[in-house]
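What the coordinates show
Listed below, chain by chain, are the residues.
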Amino acid sequence: MTEKDETTTDDDLRAEEFDRTTVGTVLAAGDWAGWDDLLDWLRSEGPGVRELSPGALRGIRQDAERACAMGFPFPHDPDHLYAILRGQHLARAHD
């Protein structure tokens, strides 16, 4: 994920809203066995994907980390994945 350096602003590091299309892009990027595979990709390869803004990528990663920690089964359906991530996003927003 993006690390802060002298050219990176706090806005670059802030998690952003993301939509179903963004989640579909992430899900289509690999054949994920589970959360760990997805999270590894989000951290290593995700930053190089043009369709993913740094903020959206960060938001998806944070929400996926939370879903994984809470024991949600990993869905392979984009709508189901979006619903899980969105639920984690809303929970994170209230922390």
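Refer to the preceding data block for the structure.
1. Examining the overall build of the chain
Assigned secondary structure in the chain consists of five helices and zero strands. Start at the N end of the chain and walk to the C end: the helices and strands fall as α-α-α-α-α. For the chain, the residues scored as buried account for 36% of the 95 residues in total. When contacts within the chain are restricted to residue pairs at least 6 apart in sequence, those whose partners lie at least 24 apart make up 70%.

2. With respect to the pattern of salt bridges
A complete count under the given rule lists five salt bridges for this structure. Among the salt bridges present, the one from R43 reaches E65, with a minimum N-O distance of 2.8 Å. Residue R43 is located in helix 3 (residues 35-44), and its partner E65 is located in helix 4 (residues 54-69); the two are separated by 22 residues in the primary sequence. What emerges from the salt-bridge pattern is a single network uniting D40, R43, R61 and E65.

3. Looking at the nonpolar core
Formed by 22 residues in total, the largest nonpolar core has its most connected members in W35, L38, L42 and L85. Broken down by secondary-structure element, the contributors of at least two residues to this core are helix 2 (20-28), helix 3, helix 4 and helix 5 (78-93).

4. Thoughts on the packing of aromatic side chains
Applying the stated criterion across every chain, the model contains three aromatic pairs. Their ring planes at 90° and their centres at 6.4 Å tell us that F18 and Y82 sit as a pair that is edge-to-face. Remark: Y82 occurs in helix 5 and F18 occurs in the loop between helix 1 (10-13) and helix 2; sequence separation between them is 64 residues. For F18, a relative accessible area of 7% translates into the label buried.

5. Considerations on the environment of E51
In this structure, E51 sits in the loop between helix 3 and helix 4. Judged by relative accessible area, E51 falls into the exposed class, the value being 52%. Separated by 25 residues in sequence, E51 and V26 have C-alpha atoms that sit 9.4 Å apart.

6. Comments concerning helix 3
Those residues of helix 3 that sit buried are W35, L38, L39, W41 and L42. The buried residues of helix 3 occupy one face: seen down the axis, they fall within an arc of 160°.

7. A word on the packing of helix 3 against helix 4
Each pair of packed helices can be described by the angle between their axes along with the distance between the axes. The contact between helix 3 and helix 4 brings their axes to 10 Å, and the two run at 155°. Comparing the axis directions of helix 3 and helix 4 gives the class roughly antiparallel. For the pair helix 3 and helix 4, the crossing hand works out as left-handed. Contacts between helix 3 and helix 4 involve W35, D36, L38, L39, L42 and R43 on the former and, on the latter, L57, I60, R61, A64, E65, A67 and C68. Among the residues making up the contact of helix 3 with helix 4, the classes are represented as nine nonpolar, no polar and four charged.

Conventions used here
Residues numbered from 1 in each chain as written. Predicted model: local features only at pLDDT ≥ 70, side-chain atom pairs only at ≥ 80, totals over all residues. Heavy atoms only, no water. Helix = DSSP H or I, 4+ residues; strand = E, 2+ residues; numbered from the N terminus. Buried < 20%, exposed > 50% of the residue type's maximum accessible area, 1.4 Å probe, protein only. Contact = heavy atoms within 4.5 Å. Salt bridge = Lys/Arg side-chain N within 4 Å of Asp/Glu carboxyl O. Core = buried A, V, L, I, M, F, W, Y, C linked by side-chain atoms within 4.5 Å. Phe/Tyr/Trp six-rings, centres within 6.5 Å; stacked < 30°, edge-to-face > 60°. Arc of directions from axis to C-beta. Axes fitted to C-alpha atoms, helices over the stretch in contact; angles between N-to-C directions. Parallel < 35°, antiparallel > 145°, perpendicular 65-115°, else oblique. Left-handed = near helix turned anticlockwise from the far one by under 90°. Nonpolar A, V, L, I, M, F, W, Y, C, P; charged D, E, K, R; others polar.

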